[in-house]
Amino acid sequence: MARAIDADRGEGSSNLEFRGIKRIQQACLNCRRKKAKCSGERPICEACKRLGQDCQYWARSKTFSNGSHDEPDGELSSTDQSTSLNNSQEGLSKRMATMESKLDQLITTLNSCLPTLLNQTNGKENLLPSANPGPLSDNLPTILDTEKLTFDKLPPPRVLESLVDIFFLRVHNQPYSFFNEKTFRRKLAEKLLPDYLIFAVLVSALRFSNDPYFNNAHHEAATGYARESWKHLVSTWFAPESDPNIHICQAITLLSIFDYTAGRRHPAWLKIGLSIRIAQDLRLMVEPDVELSFTEQEEYRRTFWSIYVLDRLCSCGRNRPASIIDAHCRVRLPCREESFRNGEWEESLTLEQAFGPGRNPAANVGPLALVVLTASILGRCAQHSIHEQSREDSQLPPWDSKSEFAAIYSILLQLETQFEMGSRINKVLAEDCLRDGAIDMQIAGPFVFSHALFHTAQCLLHHPFLLYNQLNAKGIKAPASFLGRAFQTCRENANSISTLINDTSNAGYPVYFSFMGYCAVITTGIHMLYLHDDDITLRQQAFSGFQSGMAYLDEFSKYWKNGKTMLAILRVAANQATFCNSLMSNSLSLEDVDSQEIENMWAALDYSCMSQITELNVPFVNTTPSYPSWSSIFGMRGINMMSSTDANNFEPMNFFPASDSISNGENQNNPISFGDIASMHSFFGTTPLNF
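The structure reproduced in this document is the subject of the present report. (Residues numbered from 1 in each chain as written. Predicted model: local features only at pLDDT ≥ 70, side-chain atom pairs only at ≥ 80, totals over all residues. Heavy atoms only, no water.)

**Focus on the overall build of the protein**
We count it as follows: Per the convention used, a helix needs a DSSP run of H or I reaching at least four residues, while a strand needs a run of E reaching at least two, with both numbered from the N terminus. Using a 1.4 Å probe on the protein chains alone, a residue whose accessible area is under 20% of its type maximum counts as buried, one over 50% counts as exposed, and one in between counts as partly exposed. Areas reported here follow the Shrake-Rupley algorithm with a probe of radius 1.4 Å; residue values treat only the protein chains shown as occluding.
Within the protein, the secondary structure is distributed over 27 helices and two strands. Every one of the 691 residues in the protein was classed for burial, and the buried ones make up 51%. Accessible surface, the protein as shown: approximately 32,600 Å² in total, 51% of it carbon and sulfur.

Pasting the structure below:
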């Protein structure tokens, strides 16, 4: 390049005062090969003379002014020229390889430091010590200080793309569905998506990421991104009081899920209510505008049904009644995933049609629509067993054929028959979820989750503690045959959830959806009730299910912060063996039971309690039978209560006390039907919280 400049200055540059650096005409071949300074003296330069080397020159240098090429001096033979040229090329190749290796090492080091350098905002101190800095790797502990990291901006494109990939692999359709993947990626590339929505998507995906960019501060990054998403929402919507749109609804719903599972129940509950009201304002509960494309219409439907499912799942907590009335849901259920991906129109049923008389919805219900149906029934079970468990008025006993209990159980039987809910999930995964020889997680997720919700609904409906509360409120005694069938149904469905979790894990598809933690707590708590049963087969099954459930929750807690609270709740409940014995023997009396024990048992059923972060170190008890056995669940013989000293040998968890259940108006006892049963009505009565 310097020669080119010199050559250019050679013509028409006599008037310029600037002169290029004076250089020798030509260096010898030895100095040229070594890239050493050559004196240019002939026949031998000073360097070659000093080293005793043979000094050789080309005939003349390469120039660009006359277009001529180098030709060798007569002093060199053709063989010498070839040998010298080969040696020069070989040396150049070695040097290039060494430079490339050094550059690769430098790039690796910079990539490990770049995330922190980009996130460094406190510029008061140097990132690298100026005095004797030493190797860069020696300073990594100083640079990679997580306390100095801030996450108030979108990550670099590579990291952003990686998190979007994780979102559609591990979050989309599992169980919430908001976007068409192809459309979302296109809009992201064209910068058509608002930052608050992108931040919310990143928050959902971060828990499954191991990208070194975040330096093991993934939860801090998720918290920072959630904060930024909310700030952008406030500034773009609340401040100017502009009309909401579908993106705002999607972002708030995603943020509410993060808050709820991170222990921030109250802001999460408010965000859920806000997303419901925005959905109402956007009229998402009715069919979208036909002027929209099929893909956009389906995104509107799926956004609403995702909010609906979230509303029903959160209603599994006390004082957290569902807020959406089924009768107001006129929009069609989600279509099948293949049609959604291809942007094709597909006719689907409404919720009322799916539960209406004379229909077999199996042919028109896809995996995600099945999640909606099972979530609807789960919400109704929660309303009956959790929210209305202490009501004395207008409730028939559960064994009455016209009771709410009987109506819900009939629907569950219809679901089991028409959608093969009793079959192993392996069959479903093999027949419906394989794509190119691998499990398609976006299709398999809804199938697995709908089965989990179905069995969880059965467990809640037949749970011994919840049945005890209902019977105690009415002051009646249940027939022994009814309790026997109820407890057996509860235990069988708990076994089904344990099998479901094991089957998916063995199939290479472990499921860690946010609500699966609740399903695992319910089933593990039921196994706990049978740890000291007289039947050795039941006792062994219970022990195996209890151990596998605790192991699953331990793994679950690596992704969801409330998983640790769930484990602590079960450890406390496992220390109450005498209470469980009295419960299963139907000899429990509220007057003789510590109120804290009642609250501890409620905590193992209350989703809102599981979503509060409680820092407790509760010792795990030995599950080997050491208490009086349960020879009869129908009170054939009493169970001696353990001493007060033994009963209080654990640290109690201070959960919120159970308040009176929220009354949502008079229970009309309108039968909800499925198939050939009478048409479905909302079971929420006339509560003013609904819309």
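**Considering unusual backbone geometry**
Arg42 connects to Pro43 through a cis peptide bond whose omega is 10°. Counting through the fold element by element, Pro43 comes out in the loop between helix H2 (29-34) and helix H3 (46-51). For the peptide bond that leads from Gln174 to Pro175, omega is 0°, which places it in the cis range. Here Pro175 lies in the loop between helix H6 (157-171) and helix H7 (181-189). Its identity as a non-glycine residue notwithstanding, Asn216 has a phi of 60°, on the positive side. Within the fold, Asn216 resides in the loop between helix H8 (195-206) and helix H9 (218-238).

**Let's talk about the state of the cysteines**
What counts is decided by this rule: Pairs of cysteine sulfur atoms within 2.5 Å are what we label disulfides.
For the structure on display, the rule yields zero disulfides. Of all cysteine sulfurs in the structure, the one in Cys28 sits closest to Cys31, which takes part in no disulfide; the separation is 3.5 Å. With no disulfide of its own, Cys48 lies closest to Cys45 among cysteine sulfurs, the gap being 3.6 Å. The class for Cys48 is buried, based on a relative accessible area of 1%.

**Digging into the environment of Cys45**
Applicable threshold: The contact rule is simple, with two residues in contact once any of their heavy atoms fall within 4.5 Å.
Along the chain, the position of Cys45 falls in the loop between H2 and H3. Classification of Cys45 as buried rests on a relative accessible area of 0%. Sequence separation between Cys45 and Cys55 is ten residues, and the spatial gap between their C-alpha atoms is 6.9 Å. Once residues within four sequence positions are removed from consideration, Cys45 is found in contact with Cys28, Cys31, Cys38, Ser39, Gly40, Cys55 and Tyr57.

**Thoughts on helix H25 (residues 595-603)**
Across the nine residues of H25, seven count as buried, placing the element largely inside the fold. Along H25, the residues that are buried comprise Glu597, Ile598, Glu599, Asn600, Met601, Trp602 and Ala603. Buried residues along H25 sit against helix H15 (367-387), helix H19 (464-474), helix H23 (563-574), helix H24 (577-584) and helix H26 (607-610).

**Digging into the environment of Cys519**
By the secondary structure assignment, Cys519 is in helix H21 (residues 516-529). A relative accessible area of 0% places Cys519 in the buried class. Not counting residues up to four positions away in its chain, the partners in contact with Cys519 are Ala452, Thr456 and Ile497.

**A few points about the side chain of Thr183**
Along the chain, the position of Thr183 falls in helix H7. Residue Thr183 is classed as buried on the basis of its relative accessible area, which comes to 17%. Here Thr183 is in contact with Thr295 and Glu299, once residues within four sequence places are set aside.

**Some remarks on the packing of H21 against H23**
Applicable threshold: The convention used is that axes are lines fitted to C-alpha atoms, helices contributing only their stretch in contact, and that angles between N-to-C directions extend from 0 to 180 degrees. Just so you know how the angles are binned, under 35 degrees is roughly parallel, over 145 roughly antiparallel, 65 to 115 roughly perpendicular, and the rest oblique. Working rule for handedness: look at the near helix, and if it is turned counterclockwise from the far one by less than a right angle, call the crossing left-handed; if clockwise, right-handed. In this count, Pro and Cys sit with the nonpolar residues alongside Ala, Val, Leu, Ile, Met, Phe, Trp and Tyr, while Asp, Glu, Lys and Arg are called charged and the others, Gly among them, polar.
Contact geometry of H21 with H23 gives a least axis separation of 11 Å together with a crossing angle of 10°. With respect to H23, the axis of H21 lies roughly parallel. In the packing of H21 onto H23, the handedness of the crossing is right-handed. Contacts from Gly517, Tyr518, Val521, Thr524, Gly525 and Met528 of H21 reach H23 at Met566, Leu570, Ala573 and Ala574. For the contact of H21 with H23, a count of residues per class yields seven nonpolar, three polar and no charged.

**Description of the packing of aromatic side chains**
Selection rule: The aromatic pairing rule takes the rings of Phe, Tyr and Trp, using the six-membered ring of Trp, and pairs them if the centres are within 6.5 Å, calling planes under 30 degrees apart stacked, those over 60 edge-to-face and the rest tilted. Charge over a ring is defined by NZ of Lys or CZ of Arg lying within 6 Å of the ring centre and within 35 degrees of the ring normal.
Scanning the entire structure with this criterion turns up 28 aromatic pairs. Both rings, one in Phe208 and one in Tyr559, keep their centres 5.3 Å apart while their planes meet at 35°; by these two values the pair is tilted. Placement of Phe208 in the loop between H8 and H9 and of Tyr559 in the loop between helix H22 (536-556) and H23 is noted, with a sequence separation of 351 residues between them. Residue class for Tyr559 comes out partly exposed when judged on its relative accessible area of 22%. Here a set of aromatic residues connected by ring pairs shows up, and it is made of Phe208, Tyr512, Tyr552, Phe556, Tyr559 and Trp560. Taking the ring centre of Tyr57 as reference, the NZ or CZ of Arg42 above it sits at 4.2 Å. Over the ring of Trp560 we find Arg207, and its NZ or CZ is 3.7 Å from the ring centre.

**A few points about the packing of H9 against helix H11 (residues 265-281)**
Packing of H9 against H11 brings their axes to within 15 Å, and their N-to-C directions diverge by 35°. You can see that H9 and H11 cross each other, and the crossing is left-handed. Where H9 abuts H11, its residues Trp230, Trp237 and Phe238 lie against Lys271, Leu274 and Ile278. Of the residues assigned to the contact of H9 with H11, the class counts are five nonpolar, no polar and one charged.

**Some remarks on the side chain of Lys187**
For clarity, the cut-off: Only four residue types enter the tally: Lys and Arg on the positive side, Asp and Glu on the negative side, with His and both chain ends excluded. When a carboxyl oxygen of Asp or Glu is within 4 Å of a side-chain nitrogen of Lys or Arg, the pair counts as a salt bridge.
Take Lys187: it is sitting in helix H7. The side chain of Lys187 is buried and forms no salt bridge, while Glu296, the nearest opposite charge, is found at 4.9 Å. Apart from the residues lying within four places of it in its own chain, the contact partners of Lys187 are Leu192 and Leu193.

So far we have only geometry, and geometry alone does not tell us how the molecule works.
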